[in-house]
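# Overview (structure and organization)
Below are the chains, spelled out letter by letter.
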Amino acid sequence: MQKKLLSRASLAILAPLALAQANAFAAQSESKQACPGGDAGITLPPGFCATIFADGLGHVRHIAVSADGTVYANTWSGRYYAGAKTPAGGFLVALQDKNGDGKADVVERFGETHATGGSGGTGVALYDVGLYAEESDKVVRYPLARGEVVPSGKAETVIFGMPLTGDHPMHPFAIDAQGNLYLDSASATDSCQAQNRMPESPGLKPCKELETRAGVWRYDAKKRGQKFSPAERFATGIRNAEGIAIDGDRIFATQHGRDQLSENWPKLYTPRQGADLPAEELLELRQGADYGWPECYYDDAQRKLALAPEYGGDGGREIGVCADKQGPIAAFPAHWAPNALLIYRGGQFPTAYRGGFFIAFHGSWNRAPFPQGGYNVVFQPVKDGRPTGDFIVFADGFASAVKRPGSAAHRPTGLAEGPDGALYVSDDVRGRIWRVTYHGDVAQALEAAPAPREPVQPSQEAGPPEGVNPQAGLEGKRLPTPPEATEAQVALGERIFNGHAADGTCGGCHGENGAGAPLGPNLTRGKWLWGDGSLAAIRKTIVDGVAQPKEYRSPMPPKGGAPLTDSDVAAVSAYVWAISREKEK
């Protein structure tokens with residue numbers, strides 16, 4: 001698998017040598033002339049250009065574009081974003097570009113607000129002269145009168161009672177021409193263990209959450225007051241189908257593969273395997289089909305579904321019940337997190353793009369201690385209605401300098417196509433929306449975006465041959481040292497925490513240098529939920545793990561799932577103690 005992923009990366013990420021560099025420079029010069037908005041901060045293939053259509057909208061999730069070019073965005077708050085603020089007003093946003101400069105000059109918010117008890121959502125779609133949106137545990141419809149940008153009528157409840165507990169409380173959806181509404185109800189857990197995300201915890205048999213989770217449900221968009229229930233389940237065994245797209249009578253969805261193979265099953269999977277498995281998936285949905293979760297995961301190197309360790313798997317050889325499950329029609333690198341799916345039908349882009357799939361990858365957290373991946377938009381070519389060949393990275397550079405969840409400047413989350421064939425991409429970190437257009441020859445073949453100009457992120461193998469002095473670099477940023485520890489321990493703990501030694505995984509959930517991320521709290525604030533903040537209490541929490549978080553959605557396995565020795569734990573504990581008291585110093 002490693003060889004295969006490197007081959008893909010060479011097509012999609014690595015900048016070619018002299019000739020291609022010259023071509024990219026020429027294309028960027030052309031794009032700057034064609035783009036009145038200047039540099040939008042992302043890289044695209046030659047001939048394409050991007051403008052920042054809107055910014056600072058909150059946590060923008062999915063987006064939709066009407067026939068007159070109005071862009072509608074659904075934004076979200078709540079525990080998924082660890083209490084981060086959302087702009088005042090409604091969670092739904094209507095945006096228009098009146099003067100044609102590629103930027104929204106009309107921005108109006110509507111719908112539920114914090115004051116009315118709302119928290120927004122992910123899903124949004126236009127159908128039957130109405131705007132459909134996910135709002136908390138409901139899908140609602142706002143009637144749109146002719147010429148209205150912001151609906152004046154009250155929301156009508158289409159579906160209610162959707163589950164909001166567990167790891168994945170989002171409900172994206174898509175509506176076909178007949179009014180069938182296909183709704184994602186993602187899994188409540190990572191792999192249906194008796195103890196979620198805990199080492200060697202077995203899978204539950206039966207996995208009761210499959211009755212209302214980990215699948216796609218079908219409802220009638222024209223009806224009102226439909227209660228969510230097991231009866232409307234369309235397909236099952238899909239851990240998290242955030243991207244759903246419809247092509248005639250064919251329904252497609254992306255699947256987020258499960259996490260923590262190495263952290264929870266270190267006897268069966270190496271850290272490298274944990275970073276590279278399982279593949280993310282593109283599925284073609286069929287009524288009544290089972291796509292394998294939680295018993296199975298997709299191994300892209302072996303091109304097969306493998307039995308999960310929670311259900312008797314042996315590290316990838318055993319197939320078992322997975323022989324009867326449905327596999328993907330295309331696969332992508334592990335943990336990239338496919339959050340949106342779009343079938344391109346426009347006539348503006350080169351003909352090679354028509355009918356193909358755009359996928360927005362939110363970006364990984366579970367590849368530590370190796371570099372994180374994703375944070376991009378890829379294009380999967382299609383021939384005769386079926387995916388063919390390798391994908392290309394179509395747009396990159398969203399994360400800016402660092403591809404890590406707590407440090408990324410932007411994370412692609414939603415995709416939509418405008419009536420003129422422009423592509424819109426949304427971001428749920430700073431609420432940005434890009435508008436991508438094409439200004440070249442429509443006969444141009446597919447070509448990957450140039451690699452963004454960003455530093456190479458270190459991995460555990462990267463380091464000077466003479467080794468690393470644990471005291472080096474402390475002079476300008478000397479951290480406090482616990483009375484029971486040493487400066488050398490604090491320095492080593494920093495390297496382990498950020499994944500540069502001992503296969504440390506802490507930064508994957510808590511963000512680089514403990515600054516916080518959607519999966520784990522900011523450790524620099526000195527707020528303690530599981531002890532008094534002493535070195536001994538911190539050490540105990542690391543060793544024991546956190547099976548039932550009090551404020552965050554994801555448990556922490558003992559030692560973060562990493563193979564830490566007692567001395568490694570002592571070093572990480574000293575580092576966490578130090579960063580929690582740095583502001584006091």
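In this text the structure is predicted, and so the values were computed from the model without any measurement.

A word on the packing of helix 7 (residues 535-544) against helix 8 (residues 566-580). Where helix 7 meets helix 8, the closest approach of the two axes is 9 Å, and the angle between their N-to-C directions is 125°. Here helix 8 runs oblique to helix 7, going by the angle between their axes. For helix 7 against helix 8, the interelement crossing comes out right-handed. Within the contact between the two elements, helix 7 uses Leu535, Ile538, Arg539, Ile542 and Val543 and helix 8 uses Val569, Ala570, Val572, Ser573, Ala574, Val576 and Trp577. Residue composition of the contact of helix 7 with helix 8, by class: 10 nonpolar, 1 polar and 1 charged.

On to the packing of aromatic side chains, then. Each pair of aromatic rings is reported with the distance of its centres and the angle of its planes. Counted under the stated rule, the structure contains 29 aromatic pairs. Here the aromatic rings of Phe48 and Tyr438 are separated by 4.6 Å at their centres, their planes lie at 50°, and the arrangement is tilted. Of the two residues, Phe48 is situated in strand 1 (residues 48-54) and Tyr438 in strand 29 (residues 433-438); the sequence distance between them amounts to 390 residues. Judged on exposure class, the residue Phe48 and its partner Tyr438 are both buried.

This part covers unusual backbone geometry. Geometrically, the link from Leu277 to Pro278 is a cis peptide bond, its omega value of -10° lying close to zero. Looking along the chain, the bond that leaves Ala368 and enters Pro369 is cis, with omega of 10°. Structurally, the position occupied by Pro369 is in the loop between strand 22 (357-361) and strand 23 (376-380). One non-glycine residue, Arg197, adopts positive backbone phi at about 65°. Mapped onto the elements, Arg197 comes out in the loop between strand 11 (180-185) and strand 12 (215-220). Phi is positive for Tyr375, which is not a glycine, with a value near 55°. Take Tyr375: it is sitting in the loop between strand 22 and strand 23. Looking at Tyr375, the relative accessible area reads 0%, which means it is buried.

By the definition in use, this model includes 2 disulfides. Through a disulfide, Cys192 is tied to Cys207; the S-S separation comes to 2.1 Å. Note on the Cys192 and Cys207 pair: the S-S dihedral is about 110°, so by sign convention the disulfide is right-handed. Of the two residues, Cys192 sits in the loop between strand 11 and strand 12 while Cys207 sits in the loop between strand 11 and strand 12, which places them 15 residues apart along the sequence. The burial state of Cys192 is the same as that of Cys207; both residues are buried. One disulfide in the model links Cys296 with Cys322; its S-S distance is 2.1 Å. Given an S-S torsion of about -100°, the disulfide between Cys296 and Cys322 has left-handed geometry. Here the residue Cys296 occupies a position in strand 18 (residues 296-299), and Cys322 occupies one in the loop between strand 19 (304-307) and strand 20 (330-332), the gap between them amounting to 26 residues.

Predicted confidence across the protein gives a mean pLDDT of 87, with 88% of residues reaching 70 or more. Throughout residues 1-33 the model reports pLDDT below 50, and contacts reaching past four residues in sequence, or to other chains, amount to 36 contacts. Residue range residues 455-476 is modelled with pLDDT below 50. Its contacts to residues more than four positions away, or to other chains, number 22 contacts.

Let us look at the side chain of Gln96. Mapped onto the secondary structure, Gln96 falls in strand 4 (residues 92-96). Contacts of Gln96, omitting those with residues within four sequence positions, involve Phe53, Asp68, Thr70, Lys103, Ala104, Asp105, Val106 and Val149.

Two numbers describe how helix 5 (residues 487-497) lies on helix 8: the axes approach to 7 Å, and their chain directions differ by 95°. Judged by the angle between their axes, helix 5 and helix 8 are roughly perpendicular. Residues Gln489, Val490, Leu492, Gly493, Glu494, Ile496 and Phe497 of helix 5 touch helix 8, and the partners they reach there are Asp568, Ala570, Ala571, Val572, Ala574, Tyr575, Val576 and Ala578. Taken together, the residues of the contact of helix 5 with helix 8 break down into 11 nonpolar, 2 polar and 2 charged.

Right, let's get into the sheet that holds strand 1. Within the open sheet, the 4 strands sit side by side as 1-29-28-27. Their pairing is antiparallel. Looking at strand neighbours, the two that pair on one side only are strand 1 and strand 27 (412-417), the edges of this open sheet. Each neighbouring strand pair of the sheet contributes to a mean axis angle of 25°, computed without reference to strand direction. Alignment of strand 27 against strand 28 (residues 423-427), held across 5 bridges, turns out to be antiparallel. In the strand pairing of strand 28, Glu417 is matched with Leu423.

The next thing to look at is helix 7. Among the residues making up helix 7, those that are buried are Leu535, Ala537, Ile538, Thr541 and Ile542. Projection of helix 7 onto a plane perpendicular to its axis shows the buried side chains occupying an angular sector of 165°, all on one side. Buried residues belonging to helix 7 abut helix 8. After helix 7 finishes, the residue Gly545 shows a positive phi value of roughly 80°.

Right, let's talk about the sheet that holds strand 13 (residues 226-227) for a bit. Taken in spatial order, the 5 strands line up as 6-7-8-9-13 in an open sheet, and their pairing is mixed. Every interior strand has two partners, whereas the edge strands, strand 6 (124-127) and strand 13, have only one. Examined bridge by bridge, strand 7 (residues 130-135) and strand 8 (residues 138-143) share 6 bridges and lie antiparallel to one another. Within strand 8, the position partnered with Tyr132 by the bridge is Arg141.

Grouped together as the largest cluster of nonpolar side chains are 25 residues, with contacts concentrated most on Phe349, Tyr353, Phe358, Val377, Phe394, Leu415 and Leu423. Where this core is concerned, the elements lending two or more residues are strand 1, strand 21 (338-343), strand 22, strand 23, strand 26 (392-395), strand 28 and strand 29. If we ignore the near neighbours within four places in the chain, the residues touching Phe349 are Phe48, Tyr344, Arg354, Phe358, Phe394, Gly421, Leu423, Val436, Thr437, Tyr438 and Val442.

Let's shift gears to the environment of Gly274. By the element assignment, Gly274 lies in helix 4 (residues 271-276). Its relative accessible area of 3% is what places Gly274 among the buried residues. For the pair Gly274 and Pro369, spaced 95 residues apart in sequence, the C-alpha separation works out to 9.9 Å. In this view, Gly274 contacts Ser262, His335 and Asn366; residues no more than four positions away in its chain are not counted.

A few words now on the environment of Leu307. Summarising the element assignment, Leu307 is placed in strand 19. The class for Leu307 is buried, based on a relative accessible area of 8%. The spacing of Leu307 and Val321 is 14 residues in sequence and 7.4 Å in space, taken between C-alpha atoms. In contact with Leu307, other than residues within four places in its own chain, are Glu295, Tyr297, Gly312, Gly313, Glu318, Ile319, Val321 and Cys322.

About the criteria used
Residues numbered from 1 in each chain as written. Predicted model: local features only at pLDDT ≥ 70, side-chain atom pairs only at ≥ 80, totals over all residues. Heavy atoms only, no water. Axes fitted to C-alpha atoms, helices over the stretch in contact; angles between N-to-C directions. Helix = DSSP H or I, 4+ residues; strand = E, 2+ residues; numbered from the N terminus. Parallel < 35°, antiparallel > 145°, perpendicular 65-115°, else oblique. Left-handed = near helix turned anticlockwise from the far one by under 90°. Contact = heavy atoms within 4.5 Å. Nonpolar A, V, L, I, M, F, W, Y, C, P; charged D, E, K, R; others polar. Phe/Tyr/Trp six-rings, centres within 6.5 Å; stacked < 30°, edge-to-face > 60°. Buried < 20%, exposed > 50% of the residue type's maximum accessible area, 1.4 Å probe, protein only. Disulfide = S-S within 2.5 Å. pLDDT = per-residue confidence, 0-100. Pairing = 2+ DSSP bridges. Arc of directions from axis to C-beta. Core = buried A, V, L, I, M, F, W, Y, C linked by side-chain atoms within 4.5 Å.

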